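# Working through the structure, step by step
Below, each chain spelled out in residue letters.
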Amino acid sequence: MKKKVLAAVMSVAMIATLLAGCGGKSEGTAALAEEKKEEAAPAEEKKEEASTETAGGNYKFEIIVKSYQSSYWQAAVTGVNQAAEELGVTVSCTGPNAESDIADQVNMLNSAINNAPDGIGLAACDQDACLDALQTAMDKGIPVVCFDSGIPKAPAGSVLSTIATDNYGAGATAADNLYAALKDKIANATAPVRIGEVNQEATSESITSRGLGFIDKFTELATADGKSVAVIGNEYYVNNCKNAGDEASADIIIEVAVPAQTTVELCATEASVILNKEDTIGMFGSNQVAAEGILTANGNLGVLGCDAAAGDILAAGFDAGSVIKSAIKDGTMFGAVTQSPLAMGIKTVETLTAIANGETVSDIPTDGYWYDSTNMEDASIAPNLYD
Amino acid sequence: MSKAVNKPAEKKVSVFSKPGSQKLIVLLVVIALFVFFSVFSTNFRKYTTVLSIMDYSYYIVLMAIGVTFPLITGGVDLSIGTGLICYSLAGGYLIVHCGWPTWAGMLVAVLFGVLIGTLNGVLVSIMNLPPFLATLCTCMITRGLGSICSKGFGISWPTSGSEGSWFRDIFKVTIGGTKYPLGFLWVLILVAVMAFVLNHTKIGRYTIAIGSNKEATTLSGINVKFYHIMAYVISGFFAGLASIAYSAVFSTVQPGTGAGFELEAIGGAIIGGVSASGGSGTIGGSLLGVFVICLLKTGLPYIGLQANWQQIITGMVLIGAVMVDILKKKKTETV
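Note that the coordinates shown come from a computational prediction; the quantities given were computed from them, not determined experimentally.

## Focus on the overall build of chain A
On a plain count of helices and strands, chain A comes out with twelve helices and 13 strands. In chain A, which comprises 387 residues, the proportion classed as buried is 55%. Pairs at least 24 apart in sequence give 71% of the contacts found in chain A among residues at least 6 apart.

## Side note on the interface of chain A and chain B
In this complex, chain A contributes 34 residues to the contact, which on the side of chain B involves 35 residues. Looking at the side of chain A that touches chain B, the elements that each hand over two or more residues are helix H2 (30-51), helix H3 (71-87), helix H9 (264-275), helix H10 (288-301) and helix H11 (322-329) of chain A. At six residues, H9(A) tops the list of elements feeding residues into the side of chain A that touches chain B. Looking at the side of chain A that touches chain B residue by residue, the classes come out as twelve nonpolar, 16 polar and six charged.

## Considerations on the sheet that holds strand E3 (residues 119-122) of chain A
Adjacent strands of a sheet form backbone hydrogen bonds with each other and so pair up, either parallel or antiparallel. Residues and elements named next belong to chain A. Taken together, the six strands give an open sheet; going across it, the order is E2-E1-E3-E4-E5-E12, and neighbouring strands pair in parallel fashion. Strand pairing shows two members of the sheet lacking a second neighbour, strand E2 (90-94) and strand E12 (364-366), which therefore form its edges. Between one strand axis and the next, the sheet turns through 15° on average, direction left out of account. Pairing between strand E5 (residues 159-165) and E12: three bridges, direction parallel. Bridge pairing in E12 links isoleucine 163 to isoleucine 364. Lying over the sheet, helix H12 (residues 341-356) contacts strand E1 (60-64), E2, E3, strand E4 (144-147), E5 and E12, oriented at roughly 165° with respect to E5.

## Brief notes about unusual backbone geometry
Residues and elements named next belong to chain A. Of note in the backbone geometry, aspartate 148 takes a positive phi value of approximately 70° without being a glycine. Its place among the elements puts aspartate 148 in the loop between E4 and E5. Unusually for a residue other than glycine, aspartate 319 sits at a positive phi of about 65°. Along the polypeptide, aspartate 319 turns up in the loop between strand E10 (314-318) and H11.

## Examining the sheet that holds strand E11 (residues 335-338) of chain A
Residues and elements named next belong to chain A. Across the sheet, seven strands lie side by side as E7-E8-E6-E9-E10-E11-E13; this open sheet has mixed pairing. Two strands close off the open sheet at either side, each with one partner strand: strand E7 (229-233) and strand E13 (369-371). Here the strands of the sheet are splayed against their neighbours by 20° on average, with no regard to which way each runs. Here E11 runs beside E13; their pairing, made up of three bridges, is antiparallel. Looking at the pairing, alanine 336 lines up with tyrosine 371 of E13.

## Regarding the confidence of the model for chain B
All names here are of chain B. Mean pLDDT for chain B: 86, with 93% of residues reaching 70 or above. When pLDDT is averaged over each element of chain B, helix H4 (residues 102-126) comes out on top at 95 and helix H13 (residues 307-333) at the bottom at 78. Here the prediction assigns the complex a pTM of 0.79, and the interface score ipTM is 0.78.

## What to know about the pairing of E3(A)
Walk down a regular strand and you will see the side chains alternate between the two sheet faces. Residue and element names in this part refer to chain A. The two faces of E3 match: Gly119 and Gly121 on one face and Ile120 and Leu122 on the other face are all buried. Taken together, the four bridges between E1 and E3 define a ladder with parallel strand orientation. Bridge assignment links phenylalanine 61 to a residue of E3, and that residue is glycine 119. One ladder, built from three bridges, connects E3 with E4; its direction is parallel. Bridging from a neighbouring strand, glycine 121 pairs with valine 145 of E4.

## With respect to H4(B)
Between its first and last C-alpha, H4(B) extends 35 Å over 25 residues, near the 36 Å set by a 1.5 Å rise per residue. One or two residues past the end of H4(B) sits B:Asn128, with phi positive at roughly 60°.

## What to know about the domain arrangement of chain A
One can read the domain layout of chain A as domain 1 (27-148 + 342-356) and domain 2 (167-338). Looking at the side of domain 1 of chain A that touches domain 2 of chain A residue by residue, the class counts come to five nonpolar, five polar and three charged.

## Details of the packing of helix H1 (residues 21-40) of chain B against helix H12 (residues 283-299) of chain B
A pair of packed helices is captured by two measures, namely the crossing angle of their axes and the spacing between those axes. Residues and elements named next belong to chain B. Put simply, H1 and H12 touch, their axes get as near as 9 Å, and they point 20° apart. For the element pair H1 / H12, the angle class is roughly parallel. In this structure, H1 meets H12 at a crossing whose hand is left-handed. Listed contacts from H12 to Gln22, Lys23, Val26, Leu27, Val29, Val30, Leu33, Phe34 and Phe37 of H1 are Gly284, Gly285, Leu288, Gly289, Phe291, Val292, Leu295, Leu296 and Gly299. Looking at side-chain class alone, the contact of H1 with H12 contains twelve nonpolar, five polar and one charged residues.

Here is what the cut-offs are and how they apply
- Residues numbered from 1 in each chain as written.
- Chains lettered and ligands numbered in written order.
- Predicted model: local features only at pLDDT ≥ 70, side-chain atom pairs only at ≥ 80, totals over all residues.
- Helix = DSSP H or I, 4+ residues; strand = E, 2+ residues; numbered from the N terminus.
- Buried ≥ 20, exposed ≤ 12 C-beta atoms within 10 Å, placed from the backbone.
- Contact = placed C-beta atoms within 7 Å.
- Nonpolar A, V, L, I, M, F, W, Y, C, P; charged D, E, K, R; others polar.
- Pairing = 2+ DSSP bridges.
- Axes fitted to C-alpha atoms, helices over the stretch in contact; angles between N-to-C directions.
- pLDDT = per-residue confidence, 0-100.
- Expected span 1.5 Å × (residues − 1).
- Domains from an automatic or database assignment.
- Parallel < 35°, antiparallel > 145°, perpendicular 65-115°, else oblique.
- Left-handed = near helix turned anticlockwise from the far one by under 90°.

Now the structure itself:
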């Protein structure tokens, strides 16, 4: 009897703390999210140690990145900490383990809101999942700034500024450069040719915009030259591009592959399938993970290169990192589009500080640059090519 | 006249109760899958596809060889997936950022695996935590540890052609323009060695004994605690080896990944005949079971199935495998 009473009391206490901690929402994933947040804590503490050395620290900001999965985010966090030190504010950076851990990020966002910071910087994994939390933040008077990935359907007034690369334009830039290199091959082709696109997911604004930007621009350029284009593969991209065309009669088939999880192995598997097809002449990977997946798949096939006339498949990537950079240098990868993650991180903290100081702010687009073996050492490009 | 003595009940020998029958079934499934994909996709039939399947399977096979031991004891080791990433990050960090030679980084990765394996063993064997819980906890610990070791950075072990990249040649060697999956040879050797260990050495036999009947084994005077710990140490050791295989095949290792790898290894072992409740299993079977999973993972995209269908089908195959295991147990029990 005593045991039962004790067990009942402890269960009630546990549920009560859970309810209190989750602000009334009892999610099944709450307990797991608590544990996952504690794992993120070691990473978080390291960042805090770096930034609380500044004097003053008037404002406290919470920054939530999309994940710690690639060096792109490490560069962004470096920018965040740099700006925090210069401006004398305190930042606390967290993020889920993988960019597909959408529920984790929403929980982190809710925790950040509960910490009542002076502002929140967010790079959303899923454009629709954060809407409720954003409403809560706005009700509590916490300004939110989005970076890297915007949230187009955010409640009016909740997101005060979006600092991101024009992702749609960046995808289009990749298409411009890839099409220019493949133009002759396409014009002289006697049978349909294939362009592969690997996107790590179909949920975040940055990836979907880049993917669609590439598809739409490539289609536009090809159609202007009198060729017909069809888009096949993952339903999201097929349904949201401007013109999916007809596969049976198309001269160019754009095949879009999206793996089940945002990991390099799965991207590599999807890329292998397309690289193995006889009619493939070009590939596009819309972020670092996808581009590295394409390179891994090429490890066994050896079909990538820079000489379309000789039969090489031209691959365009995104972002930087040591693997992509060395692939571009040695000619395996044709080129890539880089963003300015460092600048993005810096501008996020600057904007949050400006808001806290009472200034009005607006969206800040950061630039994306095409780089290949010919210009990657240029002074304007090189600083963005993080390791 | 006395009634005729009852004849002893006819022993029903079903195909399921023959030893090694599950392995045969799995081998047939592997061949069937290979034929199926080859027929339905011309691009699947290429030699390079076989190379890719091999490459992407090494780390899972190595994990499966190791995890067979805890599974046979009736337990499980969930920490091998995130552990693999953690060991790779630790070793890689020393190589890339501290300038250690590659072999030293590899050694650290493997020793780290043995360390966590020992921790698992102690938690399960001495402190009597349920294996599922104990290894789930070490899984979470290694997930965070990996990030700490690499200071949050992803690590790229030396890429092909650069200094210190000889470890990639262990798994794939180019002779006269053609690439050969050398790693498969090592895998076969390891399978043979560990099969010998399982069936003909104390460690192996007592592991099986612990899985069959722990009480009886203890009462026989065997140091059950030690051998129970050893099962997890072996699992950790192979997770360390798997971390090297993963780093050799994939360009960058990212912190926070790895969750899910262990399910592929454990699923493969169970498909291959390791009993879900412990007490029986073979290393060769685990190898074949992992190939079923790898074939599905690599082959399904070739027939045009989107990623989500791949996961559904893999799950269904796993259910099928467990059902065969249960049926097999039922048949042997009705003798």
